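Below are the chains, spelled out letter by letter.
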Amino acid sequence: MNISYNWLKEYLPLDLSPDEVAAALTSTGLETGSVNEVQPVRGGLEGLVVGEVLTCTAHPGSDHLHLTTVDTGSGEPLRIVCGAPNVAAGQKVVVATVGTTLYSGEEKFVIKRSRIRGEESCGMICAEDEIGLGTDHSGIIVLPADAQTGMSAREYYGIESDWTLEVDITPNRVDATSHCGVARDLAAWLTQAGRPTALKRPAVDAFRIDSPLPAVTLEVVSRDACLRYSGLTVRGVSVKESPAWLKNRLQAIGLRPINNVVDITNFVLHELGQPLHAFDAAKIKGGQVVVRTMPEGTKFVTLDGVERTLTGEDLMICSAEEPMCIAGVFGGLDSGVTEQTADVFLESACFHPAWVRRTARRFGLNTDASFRFERGLDPNQTVYALKRAALLVKELAGGEITGDIRDFYPEEVKPWPVDITYRKINALIGKEIPAETVKCILASLEIAIVSETDGGLSLRVPVYRMDVRREVDVIEEILRIYGYNRVEVDERVRSTLGYRTPTDRRYRLETLISEQLCGAGFHEILNNSQTRLACYDGLTTYPAANAVQLLNPLSADLNAMRQTLLFGGLQSIAHNMNHRNRNLRFFEFGNCYAFRAEEQTPEEALSGYREEYRLGLWTCGRRIENSWAHANEDASVYELKACVQHILTRLGVDLRKVAENAVSGDVYASGLRLETPSGRLLGTLGVVDRKLLKRMDISGEEVYYAELSWDALMKETRNAGVVFSEISRYPEVKRDLALLLDRDVLFRSVEETAFESERKLLRRVELFDVYEGSHLPPDKKSYAVSFYLQDESRTLTDRQIDRIMQKIRAGLEQKLGARLR
């Protein structure tokens, strides 16, 4: 949010520079990201002065130029060649001296000493469009005769630079979404810093009802959605351009002036934090404002010209006949104030945050008003803001305040009671803060002290502090004004004995695997756990019905919690491919979420929701490219499988006990499920289906993906340990077999059958060649497999080796129908 430094000074007598103000706000928790100078006129009229034309004669070499001498109050008069038809001796003019920079759109040029048609010119007499004060170029600016020669144009026109402070507002600090709110925190900080400063609020004592004539009436139908609604009618206004001071205030914070009435509502919004809306009273049919919902499917055209379809949960501000405005979100096209408006109805309301939030998200709208309503506003401020706006309307647009204020406020919201103790304050902050300092800070934050004891205080927290409801919240307020940096660090070290928890183990192993993957050429990525629900449309592996949907999403692209890490990685791959980076290896740790309606019970609201920590791996492109030592080689699913096996091995998983079952569907074109003997799913890996790749705008590349359940792996390996053994003194023996098998037989089956046939001396089984071709039957393939045998106690004899290989061979023939080639 942008805060104007000059605007802020209207409520506080500041002697701090803009940068000092930014530092002070940051120390109170209102982090200020940048401070930028804002000039109402580009260049700030620097180098321009008021001059007096002493002489004016025709240029001897031109029929339209003039030779002038101009006194600028700097000593010797300047010789200036001027082409304006209205230049004459005795005039007071605006002069750009040599070295002055002038701007024309995005271009700029510097005034230099030059010769024009043979005559020297040492400056320029300016028209209003040349210095940014208007659009007229018919002649030079002629100032009144009493203008002081030598005065800077900046001073003459009252041009004042401003500074914009970019303040990052956290969701709980809706009270700081205005200049008065920021000034209140700054006043508290200044008081604590030994510079007692009083906050000056805009006065509304001059408010009076000018005419008893009937005004627009009010009816609130949807009472649960409208906490308070205040309205006022002003008749006989003149809608026109806003004065310069008001336009400058709005432009300084990035708003575009529209007209005086609309600008007043925006001004009060950013002054007090209370959204207002101005209706053309002549367009309020029936002379009545009705706050209600409309029937499902009602069409409504908003201020941006877009026709929107309303639901039964969209609160509307209506006339007696039709909707006029989406409450707290956006105005309607036909009910706003225009230059033809004579009578105005001003609205100042407090709507229920949940209603505004749902409607704003449903229509994808984020306005200054909805930003504040969604966070909860103080209903006790609506009438004050309404009076402030009405007085400004009378001052800038004329008119009469007609009829009484229409105010619907069925249940008054009162300050929140909180009790605090000095003992708790000192314990949480870690420093003993004097009681008088505590009371001074509370007073500066407008937190009322109702009663006091030796041990603490009974307080009433203002309604606008929606986030301060507990003792710890008040203590946090005290600390942020007192200053975090003023709490000293004790020189003594206090520690307790600890032990390694399961969480410590998870973190240690996560770091270990991350380092392993980085060493293997992977890059870690981090994606948002919120995703687009449309990603799951049509999927059976991750159905959209199982997604955890957000009630108040930030946008339509972030309206659900992710069920899998897959889509975030695919988005990262697509982004990199669009930037011509195609050889990618990514990994990510993150939570995934799911909702199982069938598991939900009435007794436990969260029983149907699941959260699981997972590890995702993606590879695509080439594994090796442009190497002098190796030919180009594409990434493959086998490379990914090897990475997964290395991870499992590093964690202590026995690969021989992991079952690999084929899986296919709408996520993988082909893949594997990795399961324990008990059926626990450890993860999946495979080739991502091309339909998903196309949906994510990835073309021309295969993408290989693995997703491991980190929670399941932690359970599976919780008792795993490292066992050390002596290296065998006896040699390992290798025997190779060429096996003819059916095409649907996996190597995993060959490995399992071999170990079932020889459990004692068989150490490992490796596949080193696969052949499918014209020399084999069409439904067959050939595996070349190595079997490694070893006895830890003696050297194996040929007879033992042959007997073992015979057993393995027989097992393969019986279980898999294998034959030797």
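Structure's up top.
Let me begin by describing the structure that accompanies this report. In this text, all values refer to a predicted model and were calculated from it rather than measured experimentally.

1. Regarding the overall build of the protein chain
Along the backbone of the protein chain there are 19 helices and 42 strands. Computed over the C-alpha atoms, the radius of gyration of the protein chain is 39 Å, more than 25% above the 28 Å expected from 2.2 N^0.38 for a compact globule of 821 residues. Referenced to the eigenvectors of the C-alpha coordinate spread, the extents of the protein chain come out at roughly 125 × 80 × 70 Å. A buried classification covers 49% of the 821 residues belonging to the protein chain. Carbon and sulfur atoms form 49% of the exposed surface of the protein chain, whose accessible area is close to 41,500 Å².

2. Some remarks on helix 13 (residues 502-519)
Taking 1.5 Å of rise per residue, 18 residues should cover 26 Å, and helix 13 covers 26 Å from first to last C-alpha, within 8% of that figure. Within helix 13 the residues assigned to the buried category are Arg505, Leu509, Glu510, Ile513, Ser514, Gln516 and Leu517. Seen from one end, helix 13 has its buried residues packed into an arc of 165°, which puts them on one side. Opposite its buried face, helix 13 presents the exposed residues Tyr507, Glu515 and Gly519, each directed more than 90 degrees away. Trailing helix 13 by a residue or two, Gly521 shows a phi angle of about 95°, which is positive.

3. Overview of the sheet that holds strand 16 (residues 276-280)
With antiparallel pairing, the four strands of this open sheet are ordered in space as 16-23-15-24. A single partner strand is all that each edge strand has here, and the edge strands are strand 16 and strand 24 (400-408). For this sheet the average axis-to-axis angle between neighbouring strands, irrespective of direction, equals 20°. Where strand 15 (residues 226-235) lies against strand 24, six bridges are found, and the strand directions are antiparallel. In the sheet register, Gly231 faces strand 24, and the bridge partner there is Arg406.

4. Thoughts on the pattern of salt bridges
This model, assessed by the stated rule, comprises 58 salt bridges. For Glu271, the salt bridge identified is with Arg388, shortest N-O distance 2.9 Å. Of this pair, Glu271 sits in helix 6 (residues 260-272) while Arg388 sits in helix 9 (residues 382-397), and the two are 117 residues apart along the sequence. When its relative accessible area of 0% is taken as the criterion, Glu271 is described as buried. Between Arg506 and Asp711 there is a salt bridge; the shortest N-O distance is 2.9 Å. With Arg506 in helix 13 and Asp711 in helix 17 (residues 710-716), this residue pair connects regions lying 205 residues apart in the sequence.

5. Points about the packing of helix 13 against helix 15 (residues 637-651)
Axis separation between helix 13 and helix 15 bottoms out at 11 Å; the angle between their running directions is 145°. Our pair here, helix 13 against helix 15, has a crossing hand that is right-handed. In contact with Leu509, Leu512, Ile513, Gln516 and Leu517 of helix 13, helix 15 contributes His646, Ile647, Arg650 and Leu651.

6. Observations concerning unusual backbone geometry
Excluding glycine, residues mostly carry a negative phi; peptide bonds, for their part, are mostly trans. Located in the positive-phi region is Arg117, a residue other than glycine, with phi close to 55°. Mapped onto the elements, Arg117 comes out in the loop between strand 9 (114-116) and strand 10 (119-121). The phi torsion at Asp697 lies on the positive side, around 65°, for a residue other than glycine. Counting through the fold element by element, Asp697 comes out in the loop between helix 16 (690-695) and strand 38 (703-709). What makes Asp697 exposed here is its relative accessible area of 63%.

7. A word on the sheet that holds strand 21 (residues 323-326)
Strand order in the open sheet made by the five strands is 14-17-20-21-22, with mixed pairing throughout. Looking at which strands have only one partner, the edges of the open sheet turn out to be strand 14 (217-220) and strand 22 (330-331).

8. Focus on the nonpolar core
Across soluble globular proteins, nonpolar side chains show a tendency to be buried alongside one another. By size, the foremost hydrophobic cluster in this structure holds 53 residues, and its most contacted members are Val21, Leu186, Val268 and Leu346. Residues Leu315, Cys318, Phe330 and Val356 belong to the second largest nonpolar core, which totals 38 residues.

9. Points about the packing of aromatic side chains
Each aromatic ring pair is characterised by the separation of its centres together with the angle its planes make. With the rule as written, the count across this model stands at 14 aromatic pairs. Judged by centre distance (6.2 Å) and plane angle (85°), the rings of Phe587 and Phe589 are edge-to-face. A residue is classified by how much of its surface remains accessible, and Phe587, at 0% relative accessible area, is buried. The class for Phe589 is buried, based on a relative accessible area of 6%. Between the aromatic rings of Phe595 and Tyr609, the centroid separation amounts to 4.8 Å while the plane-to-plane angle is 40°, which identifies the pairing as tilted. Linking Phe595 in strand 31 (residues 584-595) with Tyr609 in strand 32 (residues 609-620), this pair joins segments that are 14 residues apart in sequence.

10. A look at the side chain of Thr402
As for its placement among the helices and strands, Thr402 is situated in strand 24. Taking the relative accessible area as the measure of exposure, Thr402 reaches 1% and is therefore buried. Only 3.3 Å separates the side chain of Thr402 from the backbone oxygen of Glu400, close enough to count as a polar contact. In this view, Thr402 contacts Ser211, Leu213, Pro214, Ala215, Thr233 and Arg235; residues no more than four positions away in its chain are not counted.

11. So, the side chain of Ser211
Looking at the element boundaries, Ser211 is found in the loop between helix 4 (179-192) and strand 14. By relative accessible area, Ser211 is classed as buried at 8%. Of the polar contacts made by the side chain of Ser211, one reaches the backbone nitrogen of Leu213; its length is 3.3 Å.

12. Quick notes on the packing of helix 6 against helix 9
Orientation of helix 6 relative to helix 9, taken along the N-to-C sense of each, is 145°, at an axis distance of 10 Å. Handedness of the helix 6/helix 9 crossing: right-handed. In this structure, helix 6 contributes Asn260, Val261, Ile264, Phe267, Val268, Glu271 and Leu272 to the contact, and helix 9 contributes Tyr384, Ala385, Arg388, Ala389, Leu392, Val393, Leu396 and Ala397. When grouped by side-chain class, the residues that make up the contact of helix 6 with helix 9 number 12 nonpolar, one polar and two charged.

13. Some remarks on helix 7 (residues 353-363)
Listed as buried for helix 7 are Pro353, Trp355, Val356, Thr359, Ala360, Arg361 and Phe363. Next to the buried residues of helix 7 lie strand 17 (288-293), strand 19 (307-309), strand 20 (315-318), strand 21, strand 23 (343-351) and helix 8 (368-373). Once helix 7 finishes, Gly364 follows within two positions and takes phi at roughly 65°, a positive value.

14. Here we look at the pairing of strand 41 (residues 780-789)
A large share of strand 41 lies buried, amounting to 10 of its 10 residues. Alternating residues of strand 41 divide into Lys780, Ser782, Ala784, Ser786 and Tyr788 and Lys781, Tyr783, Val785, Phe787 and Leu789, and every residue in both groups is buried. Both strand 40 (residues 762-771) and strand 41 contribute to a ladder of eight bridges, which runs antiparallel. From the neighbouring strand, Leu762 faces strand 41, where its bridge partner is Leu789.

Basis of the calculations
- Residues numbered from 1 in each chain as written.
- Predicted model: local features only at pLDDT ≥ 70, side-chain atom pairs only at ≥ 80, totals over all residues.
- Heavy atoms only, no water.
- Helix = DSSP H or I, 4+ residues; strand = E, 2+ residues; numbered from the N terminus.
- Rg over C-alpha atoms; globule rule 2.2 N^0.38 Å.
- Buried < 20%, exposed > 50% of the residue type's maximum accessible area, 1.4 Å probe, protein only.
- Areas by Shrake-Rupley, 256 points an atom, 1.4 Å probe, with all protein chains shown as cover.
- Expected span 1.5 Å × (residues − 1).
- Arc of directions from axis to C-beta.
- Pairing = 2+ DSSP bridges.
- Axes fitted to C-alpha atoms, helices over the stretch in contact; angles between N-to-C directions.
- Salt bridge = Lys/Arg side-chain N within 4 Å of Asp/Glu carboxyl O.
- Left-handed = near helix turned anticlockwise from the far one by under 90°.
- Contact = heavy atoms within 4.5 Å.
- Core = buried A, V, L, I, M, F, W, Y, C linked by side-chain atoms within 4.5 Å.
- Phe/Tyr/Trp six-rings, centres within 6.5 Å; stacked < 30°, edge-to-face > 60°.
- Polar contact = N/O pair within 3.5 Å; in protein donor to acceptor, adjacent residues only side chain to side chain.
- Nonpolar A, V, L, I, M, F, W, Y, C, P; charged D, E, K, R; others polar.

Coordinates in, geometry out; function isn't part of it.
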